[in-house]
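Descriptive analysis of the structure
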2 protein chains.
Amino acid sequence: MNRDAIGVFDSGMGGLTAVKALGEILPHENIIYFGDTARIPYGTRSRQTIQRYTQEDIAFLRRHPVKMIIAACGTVSSMLGADSPVDDMPFTGVVYPAAHAACAATKNGRVGIIGTPATVASGSYETAIHTIDPSVDVTAMACPLFVHLVEYGYTDPDDPITRLAAEEYLTPIREADVDTLILGCTHYPIIAPVIGQIMGEGVKLISASEEAAKYAKKCLEEQDLLTDSTERGHNVYYVSDSVSMFRDNARHFLADAVNGQVFSSRI
Amino acid sequence: MNRDAIGVFDSGMGGLTAVKALGEILPHENIIYFGDTARIPYGTRSRQTIQRYTQEDIAFLRRHPVKMIIAACGTVSSMLGADSPVDDMPFTGVVYPAAHAACAATKNGRVGIIGTPATVASGSYETAIHTIDPSVDVTAMACPLFVHLVEYGYTDPDDPITRLAAEEYLTPIREADVDTLILGCTHYPIIAPVIGQIMGEGVKLISASEEAAKYAKKCLEEQDLLTDSTERGHNVYYVSDSVSMFRDNARHFLADAVNGQVFSSRI
């Protein structure tokens, strides 16, 4: 048993979809979130720059009492692959949990993946899926505009720009006849309705954020690190850009106002 | 007379449109460029963060032999307003040169401005225009997706996503019956064809990049700081993210391959 917090980080706000999922399945846990809003996006930067930012984000979280770290960012998780950047506490990215869920969900053996350019170029989800089941056929597509469409609030299912971008990005995935699609970036659950409409009812959407939260629960259970508190957990948020911008935008991701204190911290 | 370089900086690649204009009107000058590609975009960040990044960018350029600094970034120029962040050499942003050009160009006294959210929220172009001519009627519109559409290469005049975004952003400007439109972000000249098509032939487009280059020439002439070299000037480029990504994308902005050495430098 351990009352320390779960540390969660992301390039910006996308990781809040994982915070929301954690709040639902582990309501008594405390969460410390770091969003690198002064340097978002990560997904269009080089491997070296993403690795440097990742190290800095993890170092920031480790200055707080955390018992597990979640990289709630598809891009960071993809750069890390199967490696854990910490050796003294549990860690997960979003890639392996989502890959496991996709392999369990597909019936026709065809899985689609959408993510940032860095995520797709890394081949991380394919590698993870083929480690689990080499027979699964994978079709991946980079969606560079999605992060920005979500961050700027173009999230209405009827928004014509988001719909047009989604149709362009998803056509090759639809043509590959997948029955399962991994939302490989933690921003994407926010536009899951439009993605779902374009893919059709027969396609199961796997949220990398939700799967990471479920995997975190399993990890903490196995290592006897769940809190013994029966109170609602406390969330504390840190961002590298301004607090007010974070508060304004966070409600899109949490589907609610921010439930905790928010601080701005240079990194 | 002075053979030191002109220092130019931007959040990323947009400032290359100013480098291109400088190369045309001051072909013998050397240029040192800094593009903060590891932290682009600036235009959706808070005022404090943009100010901090600006100070760091200027400090970087000042470590090199420069005789003038150009903030070839609409967002940075807007945060600075009429202030110069250096007191020992000429400096210009893109706002005042573009405002002067727009006031000279308009016949019906109605000017449109498009820029990043930070630029438009600052009211910088309106302030500059009304300092020059208080009677000019100004309509401004933030275009948050444009930077990303340009950076990701959605620059074909027939690209349906760029066209749809441009139609959405430009409708209020068109309805205001402007005869002059300032492209208030140095990325926008790259999609000037689609902007021009939507605005119609009667509307003059003012490129903030080109006007800054013209103003730089005037400044250097007045202060007797032009080079006496008759050779083609040398350009050196520094970026905060990877060199290869810069080389791949720079040709969209320069309409040519990069004509100089490129280095990656952490900031």
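Our subject is the structure that appears above.
Before going into details, it helps to say that this report is about the structure given with it.

Calculation notes
Residues numbered from 1 in each chain as written. Chains lettered and ligands numbered in written order. Predicted model: local features only at pLDDT ≥ 70, side-chain atom pairs only at ≥ 80, totals over all residues. Heavy atoms only, no water. Phe/Tyr/Trp six-rings, centres within 6.5 Å; stacked < 30°, edge-to-face > 60°. Helix = DSSP H or I, 4+ residues; strand = E, 2+ residues; numbered from the N terminus. Buried < 20%, exposed > 50% of the residue type's maximum accessible area, 1.4 Å probe, protein only. Lys NZ or Arg CZ within 6 Å of the ring centre and 35° of its normal. Arc of directions from axis to C-beta. Contact = heavy atoms within 4.5 Å. Pairing = 2+ DSSP bridges. Axes fitted to C-alpha atoms, helices over the stretch in contact; angles between N-to-C directions. Buried area = accessible area lost by both parts, 1.4 Å probe. Salt bridge = Lys/Arg side-chain N within 4 Å of Asp/Glu carboxyl O. Nonpolar A, V, L, I, M, F, W, Y, C, P; charged D, E, K, R; others polar.

1. Examining the packing of aromatic side chains
Both the distance between ring centres and the angle between the ring planes are used here to describe each pair of aromatic rings. As enumerated under the stated definition, the model contains 16 aromatic pairs over all chains in all. When the ring of B:Phe34 is compared with that of B:Phe60, the centres are 4.7 Å apart and the planes differ by 40°; the resulting orientation is tilted. Taken together, the residues span a long stretch of sequence, with B:Phe34 in strand 2 (residues 31–35) and B:Phe60 in helix 2 (residues 47–62) at a distance of 26 residues. Classification of B:Phe60 by relative accessible area gives buried; the value is 4%. Sitting over the face of the ring of A:Tyr53, A:Arg39 holds its NZ or CZ atom 3.7 Å from the ring centroid.

2. Quick look at helix 9 (residues 192–199) of chain A
Within an α-helix, residues lying three or four positions from one another point in the same direction, as the helix has 3.6 residues per turn. Residues and elements named next belong to chain A. Of the positions making up helix 9, those classed as buried are Ala-192, Val-194, Ile-195, Ile-198 and Met-199. Around the axis of helix 9, the buried residues are gathered within 165° of arc, so they sit on the same side. If you follow the buried residues of helix 9, they end up packed against strand 5 (110–115), helix 7 (146–151), helix 8 (160–175), strand 7 (180–183) and strand 8 (204–207). Gly-200 sits one or two positions beyond helix 9 and adopts a positive phi of about 95°.

3. Some points on the sheet that holds strand 10 (residues 260–264) of chain A
Residue and element names in this part refer to chain A. Across the sheet, 6 strands lie side by side as 4-3-1-2-9-10; this open sheet has parallel pairing. Every other strand in the sheet has two partners, leaving strand 4 (91–92) and strand 10 as the edge strands with one partner each. In this sheet, strand 4 lies alongside strand 3 (residues 66–71) in parallel orientation, the contact comprising 2 bridges. Along strand 4, the bridge assignment pairs Ile-69 with Phe-91. Set on the sheet, helix 11 (residues 243–254) makes contact with strand 2 (31–35), strand 9 (235–239) and strand 10; between it and strand 10 the angle comes to about 135°.

4. Some remarks on the interface of chain A and chain B
Buried accessible area, meaning the area lost when the parts come together, often serves as the stated size of an interface. The partner chain B presents 30 residues to the 30 residues of chain A that form the contact. When chain A packs against chain B, close to 2,500 Å² is buried across both sides, 57% of that on carbon and sulfur atoms. Of all residues in chain A, A:Leu145, A:Tyr152 and A:Ile161 bury the most surface against chain B, accounting for 22% of the area lost on that side. The tally of links from chain A across to chain B stands at 0 salt bridges. Within the residue set of the side of chain A that touches chain B, elements represented by two or more residues are helix 2 (47–62), helix 7 and helix 8 of chain A. Looking at which element gives the most residues to the side of chain A that touches chain B, the answer is helix 8 of chain A, with 6 residues. For the side of chain A that touches chain B, the class distribution of residues is 15 nonpolar, 8 polar and 7 charged.

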